[in-house]
Amino acid sequence: MFDRTWDATVRNAAFEWLKAQVATYGDVLPRTLLVEGFPLEGARVPLLSPKGIFKPRVLREAPLSITTAPNGPYDDAFGPNDLLRYRYRGEDPEHPDNRGLRFAMQERLPLVYLHGLVPGRYVPAWPVFVVGDHRAGLTFTVAVDEERRRWPAARSSSLAVRDDAEDARRRYATAAVRQRLHQRAFRERVLEAYRRECAFCRFRHAELLDAAHIVPDAEEGEPVVANGLALCKLHHAAFDRNFLGVRPDYVVQVRRDLLTETDGPTLVHGIQALHGVRIRVPRRSALRPDRHRLEARYETFRRA
């Protein structure tokens, strides 16, 4: 018999633990942390395993989490309606993992979605709900909920996934998560390509590193590594505001008026000293800054 009270206890504990981890580490979490999991009544409950549909031992009927592997493009998991398309385990609709997700849909149980960005690093989204089961296509449809409340032990009509208002709200929340995944995936892939150091000054603390677009997002800059530079906060801001530019041959140029300006050590060592310096680029040629994009961006710098 399904113990809804215990099930809600486990899921609420998972959600509260995730909330604390995101507050501490940011919304990209390492695999090791997710595999270690959270404490519950003297035991540890993992959120992740090699299986994409994961049900820890403390639960019997329904999974706690679903995971997307980090090897494919992030958009592969989303359909034209902005909802997540999640593949069955194998091709048998009656596989125990598929039955578990179907049970979660029928009982309106919230889950954790872990989206792999690069090997070993995931963005969590919670709570998510299975809102559709498409046997012919071997997929489930999953929606994100924006309300991170505690989930009641008893079913309530206010949680019905087919309710129109609820459906519209979840579509909006899922679209917002999709955009966040877009941004986080770009950052993680760029930082990994640049060995997690600033391309200009080699600063190596990831917390203060950004993935800067060569062609800005506002100009439809593509979220590919060749359109990015790993930069520390200072040099990202300086690059965006055309204090300095990068020639297509990967050499930094500082704006002329700044070269003659007199100020403190930050200007001298952080900006002026970069003039004529060749940036660090990824080892793989396919990941290096695209020269055509750099040329277009450098023209913007020259005009500024």
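To keep things clear, this report deals only with the structure shown in the data block.

What counts, and at which threshold
- Residues numbered from 1 in each chain as written.
- Predicted model: local features only at pLDDT ≥ 70, side-chain atom pairs only at ≥ 80, totals over all residues.
- Heavy atoms only, no water.
- Helix = DSSP H or I, 4+ residues; strand = E, 2+ residues; numbered from the N terminus.
- Buried < 20%, exposed > 50% of the residue type's maximum accessible area, 1.4 Å probe, protein only.
- Areas by Shrake-Rupley, 256 points an atom, 1.4 Å probe, with all protein chains shown as cover.
- Salt bridge = Lys/Arg side-chain N within 4 Å of Asp/Glu carboxyl O.
- 1 Å grid on protein atoms, 1.4 Å probe; cavity = no way out; pocket = protein on both sides within 12 Å on 5 of 7 lines; lining within 4 Å.
- Points joined across faces, edges and corners; volume = space filled by probe spheres on them.
- Nonpolar A, V, L, I, M, F, W, Y, C, P; charged D, E, K, R; others polar.
- Pairing = 2+ DSSP bridges.

## Notes on the overall build of the chain
Part 1 of the argument: For the chain, the count of helices and strands is eight helices and 13 strands.
Part 2 of the argument: Evaluated residue by residue, the chain yields a buried proportion of 50% over its 304 residues.
Part 3 of the argument: Accessible surface, the chain: about 15,300 Å² in total, of which carbon and sulfur atoms supply 50%.

## Overview of the pattern of salt bridges
Part 1 of the argument: Across all of its chains, the model carries 19 salt bridges by this definition.
Part 2 of the argument: Between Arg 135 and Glu 94 there is a salt bridge, and its shortest N-O distance comes to 3.0 Å. One end of the pair, Arg 135, is in the loop between strand E8 (121-134) and strand E9 (139-144); the other, Glu 94, is in the loop between strand E6 (84-87) and helix H3 (96-107), with 41 residues separating them in the sequence.
Part 3 of the argument: By relative accessible area, which is 41% here, Arg 135 ends up partly exposed.
Part 4 of the argument: Classification of Glu 94 by relative accessible area gives partly exposed; the value is 35%.
Part 5 of the argument: The closest approach of N and O atoms between Arg 204 and Glu 197, which form a salt bridge, is 2.9 Å.
Part 6 of the argument: Within this structure, Glu 94, Arg 102, Asp 133 and Arg 135 form a network of salt bridges that share partners.

## Topic: the layout of surface pockets
Part 1 of the argument: When its volume is computed, the second largest pocket comes out at roughly 260 Å³.
Part 2 of the argument: Forming the walls of the second largest pocket are Tyr 25, Gly 26, Asp 27, Val 28, Pro 30, Arg 121, Arg 184, Arg 187, Glu 188, Ala 206 and Glu 207.
Part 3 of the argument: Residue contributions to the lining of the second largest pocket peak at three residues, all from helix H4 (residues 164-193).
Part 4 of the argument: Classifying every residue of the lining of the second largest pocket by side-chain character gives four nonpolar, one polar and six charged.

## As for the pairing of E8
Part 1 of the argument: The element E8 is largely enclosed, with a buried count of eleven among its 14 residues.
Part 2 of the argument: Taken together, the two bridges between strand E1 (residues 29-30) and E8 define a ladder with antiparallel strand orientation. Bridge pairing in E8 links Leu 29 to Tyr 122.
Part 3 of the argument: Bridging between strand E7 (residues 111-118) and E8 involves six bridges; their strand directions are antiparallel. Paired with Leu 114 across the two strands is Pro 124, which belongs to E8.
Part 4 of the argument: Taking the residues between adjacent antiparallel strands as the criterion, E7 and E8 are bridged by two residues, where Gly 120 takes a positive phi near 90°.
Part 5 of the argument: The pairing of E8 with E9 spans six bridges and is antiparallel. Residue pairing across strands places Gly 132 opposite Thr 141, the latter belonging to E9.

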